[in-house]
Amino acid sequence: MLKLGVFELTDCGGCALNILFLYEKLFDVVKFYEIKEFHMASSFKEHDHLDVAIVTGTVSTQRDLELLKHARSHSNYLIALGTCATHGSVQGGVEGKIREKLEKVYGTKANPMKALDSKPITEYVAVDYALPGCPYDKDEIYQVLMNIANGVEPPKKDYPVCIECKLNEYECVLVKKGIPCLGPITLGGCNAICVKSGLGCIGCRGPLPKDANPAGEFEILKELGYDEEYIRKKFKTFARGELRW
Amino acid sequence: MVSIEIEAFTRVEGNGGAEIVIENGHVKEAKVKIFEGPRFFELLTLGRHYYDVPDLEARICAICYLSHSVASVMGIERAFGVEVPEEIKLLRELALIGEFLESHALHLYLLVAPDLFGYADAIRMAHKHGEIVKEGITIKAFGNYIRETIGGREIHGINVKPGGFGRYPTVEELEKIEKNSEALLTFAKRSVGLFASQEFLGARAKYYVATDNYLYGNKLIASDGESFDYFEHIEERSLPYSFAKQSLYKGEVFMVGALPRLMLKGDMLTPIAKRLFEDHKEKLSRGYVSLNNLAQAIELVYTLERAKEIAGMLLDRGVKGENVPVEPREGEGIGYVEAPRGALIHHYRTDDKGRITYSNIITPTAFNHAMMELSLHEEARKRYGEMSESEFIQKMEEVARAFDPCISCSVHVVKL
């Protein structure tokens with residue numbers, strides 16, 4: 001049996017919850033893994049060296065950082081799960097200094113709870129596998145865990161959402177309807193689920209690491225009549241920092 | 001002075017804990033500490049175009065993402081003076097029903113039931129009580145089917161839009177919802193019996209607060225007969241030991257959630273749920289917060305009955321699938337929705353281009369923060385010295401769990 005821990009830093013809870021949404025497949029997972037820590041699902045907790053640690057969320061407090069360091073130093077294989085962990089996601093995209101943000105929200109610059117500027121875990125520790133998605137497709141984490149259990153390094157996806165959109169034969173919302181769609185510059189793996197609803201991809205799996213052409217996308221959206229500020233905000237929603245185009 | 005630390009609540013969504021302060025052998029204070037980091041959602045939406053805002057707000061919480069996107073859409077539509085037809089209202093209600101089924105089933109069967117049977121979690125409980133766990137998972141999966149069909153995805157779908165939907169459900173999907181909600185009623189009714197047996201825990205709230213309709217509304221109502229906009233009677237304060245703010249109604253501790261909903265709006269229930277409510281009314285009116293679990297079980301019955309009604313109505317009249325045009329304007333609007341764990345508020349101001357200039361979100365867990373402290377305090381007073389520290393902590397966790405807290409939601413209550 002492999003030992004597994006699920007560690008939740010600051011996030012919406014969705015990436016941990018999505019594991020529970022595996023339903024019957026979760027019972028397959030526990031045939032290979034003994035869950036040593038998963039605070040959303042269990043009161044059971046045992047400090048032990050882990051074969052696999054799953055970490056969700058951003059580092060947004062000193063406590064998050066300590067938990068992350070604990071997970072890293074007590075595991076052989078660490079999975080950054082979800083866009084918060086891999087790219088910073090929505091809270092990572094909020095600009096400004098932490099004390100200024102605290103003042104706007106809580107009315108004081110005091111920081112007794114030791115909040116930090118929200119960053120993805122990849123900025124603090126080395127990760128063995130990064131699976132983005134807000135949330136990721138639950139079958140992906142199932143496959144990754146099964147691959148690891150079978151001693152196979154899980155494959156990494158490297159294609160845009162557009163590929164899955166074409167495979168599903170959905171109508172291109174960007175070209176045909178002029179809806180802003182980030183599919184061409186966003187990492188695939190979601191099966192183009194938002195385009196299935198006739199809506200544009202909002203980029204929740206983060207930018208495609210290579211071969212993408214954000215400058216081209218930027219120009220297309222501008223030609224469609226969207227202003228630069230709108231496009232810039234849209235590009236930056238899930239990924240911290242500037243996209244270079 | 002000594003403290004008993006509940007380091008981190010388990011089997012709840014998010015990161016929070018509590019400190020029970022003991023002085024001279026007596027429980028002096030209970031503090032609920034939310035250490036989930038701040039997420040600054042109101043800053044995130046500032047200056048954003050209204051059309052993208054519900055998708056961002058959904059990310060506040062995965063368990064109740066549709067409550068957030070529906071509340072957001074309603075706030076935005078009110079700011080623009082947009083009225084949507086009955087069909088869109090019914091589909092939004094159906095979306096909220098899917099969320100209740102998913103969230104209540106998760107909470108009751110996977111998070112609370114292990115307490116009733118004495119297990120650390122539902123997976124360990126499943127060895128002996130597999131049937132119960134399976135029934136819960138089936139209801140939860142059905143709730144998620146509705147969330148995916150109407151919301152666009154199990155978690156963080158973007159199908160709920162100002163003015164309507166990206167995609168409307170097909171006849172087959174509505175038929176499936178109609179059929180399954182009927183079939184699952186047996187399980188839901190059984191859960192009422194199960195959770196009716198739970199012991200009384202926690203405090204009793206002085207006031208209950210809910211929205212004026214069962215799953216959403218135009219105003220808030222309270223148990224003293226008041227009908228009001230939230231800012232008229234609810235005040236917030238920041239705490240030095242928590243990222244969540246605390247709210248008071250007319251200066252007093254109050255509660256939102258399933259129990260307040262039943263006690264304030266029990267006459268709106270569907271037939272079977274109403275009968276079950278009447279059967280347990282005497283017990284529920286005792287008011288202890290652990291009865292929130294029983295109230296959620298009755299709501300499982302209600303939402304299944306109502307899902308069947310709504311799917312039937314939509315099938316009878318046929319889904320037109322037409323969105324209402326949305327014209328941005330300078331305005332202000334509040335969306336009131338019942339999230340599974342209680343009343344939720346999204347309040348916006350917009351400029352003439354439809355960009356957000358002001359945003360205030362108050363979540364049910366923030367509303368319940370003071371009530372949770374009061375409940376932990378009372379329970380701690382009863383239990384301190386009566387049991388081992390580990391049993392004591394377990395009881396405290398059961399009290400917190402009864403609120404079905406959603407901590408991710410609670411860490412960004414703000415006015416800008």
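## Some points on the nonpolar core
- Among the nonpolar cores identified, the biggest contains 178 residues, and Ile79(A) and Ile20(B) are the most heavily contacted of them.
- Ranked by the residues each element gives to this core, the list is headed by helix α4 (residues 86-117) of chain B, at 17 residues.
- Counting only domains with at least three residues in this core, you end up with domain 1 (2-149) and domain 2 (161-235) of chain A.
- Among the nonpolar cores identified, the runner-up in size contains 18 residues, and Ala222(B), Ile345(B), Ile362(B) and Phe367(B) belong to it.

## Observations regarding the environment of Lys222(A)
Residues and elements named next belong to chain A.
- Tracing the chain through its elements places Lys222 in helix α11 (residues 214-223).
- Taking relative accessible area as the criterion, Lys222 reaches 34% and is therefore assigned partly exposed.
- As for Lys222 and Pro180, which are separated by 42 residues in sequence, their C-alpha atoms are 9.9 Å apart.

## Describing the interface of chain B and chain A
- Contacts between the two partners involve 70 residues from chain B and, on the opposite side, 58 residues from chain A.
- Summed over both partners, the interface of chain B with chain A buries about 5300 Å², with 63% contributed by carbon and sulfur atoms.
- Sorting the residues of chain B by area buried against chain A places Phe40(B), Arg153(B) and Phe243(B) first, and these three jointly supply 12% of that buried surface.
- One can count 2 salt bridges joining chain B with chain A.
- In this structure, Lys234(A) and Asp52(B) form a salt bridge, with 3.2 Å as the shortest nitrogen-oxygen distance.

## Topic: the domain arrangement of chain A
Residue and element names in this part refer to chain A.
- Domains assigned within chain A are domain 1 (2-149) and domain 2 (161-235).
- Of note, the centres of domain 1 and domain 2, computed from C-alpha atoms alone, are 27 Å apart.
- Taking both sides of the interface into account, the surface hidden between domain 1 and domain 2 amounts to around 520 Å²; carbon and sulfur atoms contribute 50%.
- Along the contact surface separating domain 1 from domain 2 lie 1 salt bridge.
- Among the salt bridges present, the one from Arg205 reaches Glu140, with a minimum N-O distance of 2.8 Å.
- Linking domain 1 with domain 2 are 3 residue pairs in polar contact (both at pLDDT 80 or more), by the criterion used here.
- Across the side of domain 1 that touches domain 2, the residue classes tally to 4 nonpolar, 3 polar and 2 charged.

## Let's talk about the side chain of Thr86(A)
- Mapped onto the fold, Thr86(A) is located in helix α4 (residues 83-87).
- When sequence neighbours within four positions are dropped, the list of residues in contact with Thr86(A) reads Ala80(A), Pro120(A), Thr122(A), Ala130(A), Leu131(A) and Pro132(A).

## Digging into the pattern of salt bridges
Residue and element names in this part refer to chain B.
- All told, the structure shown has 47 salt bridges over all chains when counted by the stated rule.
- The partner of Lys219 in a salt bridge is Asp229, with the nearest N and O atoms 3.4 Å apart. In this pair, Lys219 is assigned in the loop between β7 (216-217) and β8 (220-222) and Asp229 in the loop between β9 (227-228) and α8 (230-233), connecting sequence segments 10 residues apart.
- The class of Lys219 is partly exposed, set by a relative accessible area of 29%.
- Residue Asp229 is classed as buried on the basis of its relative accessible area, which comes to 16%.
- Linked through salt bridges whose partners overlap, the residues forming this network are Glu199, Glu379, Lys382, Arg383, Lys395 and Glu398.

## Examining the packing of aromatic side chains
Residue and element names in this part refer to chain B.
- Scanning the model with the defined rule gives 15 aromatic pairs over all chains in all.
- For the ring pair Tyr207 and Tyr249, a centre distance of 5.1 Å and an interplane angle of 75° mean the geometry is edge-to-face. Of the two residues, Tyr207 sits in strand β6 (residues 207-211) while Tyr249 sits in strand β11 (residues 246-249), which places them 42 residues apart along the sequence. Of the two residues, Tyr207 and Tyr249, both sit in the buried class.
- Ring geometry for Tyr214 against Tyr302: centres 4.7 Å apart, planes inclined by 50°, an arrangement best described as tilted.

## Some points on the sheet that holds β9(B)
Residues and elements named next belong to chain B.
- Read across the open sheet, the 4 strands follow the order β9-β8-β6-β12; overall the sheet is mixed. The open sheet has two free edges, formed respectively by β9 and β12 (254-255), since each of these has just one partner strand.
- For β6 and β8, the ladder comprises 3 bridges, and the chain directions are antiparallel. When the sheet's bridge partners are listed, Thr211 is paired in β8 with Leu220.
- Relative to the sheet, helix α9 (residues 258-265) contacts β6, β8 and β12, its axis offset from that of β6 by approximately 85°.

Procedures and definitions
- Residues numbered from 1 in each chain as written.
- Chains lettered and ligands numbered in written order.
- Predicted model: local features only at pLDDT ≥ 70, side-chain atom pairs only at ≥ 80, totals over all residues.
- Heavy atoms only, no water.
- Core = buried A, V, L, I, M, F, W, Y, C linked by side-chain atoms within 4.5 Å.
- Buried < 20%, exposed > 50% of the residue type's maximum accessible area, 1.4 Å probe, protein only.
- Helix = DSSP H or I, 4+ residues; strand = E, 2+ residues; numbered from the N terminus.
- Domains from an automatic or database assignment.
- Contact = heavy atoms within 4.5 Å.
- Buried area = accessible area lost by both parts, 1.4 Å probe.
- Salt bridge = Lys/Arg side-chain N within 4 Å of Asp/Glu carboxyl O.
- Polar contact = N/O pair within 3.5 Å; in protein donor to acceptor, adjacent residues only side chain to side chain.
- Nonpolar A, V, L, I, M, F, W, Y, C, P; charged D, E, K, R; others polar.
- Phe/Tyr/Trp six-rings, centres within 6.5 Å; stacked < 30°, edge-to-face > 60°.
- Pairing = 2+ DSSP bridges.
- Axes fitted to C-alpha atoms, helices over the stretch in contact; angles between N-to-C directions.

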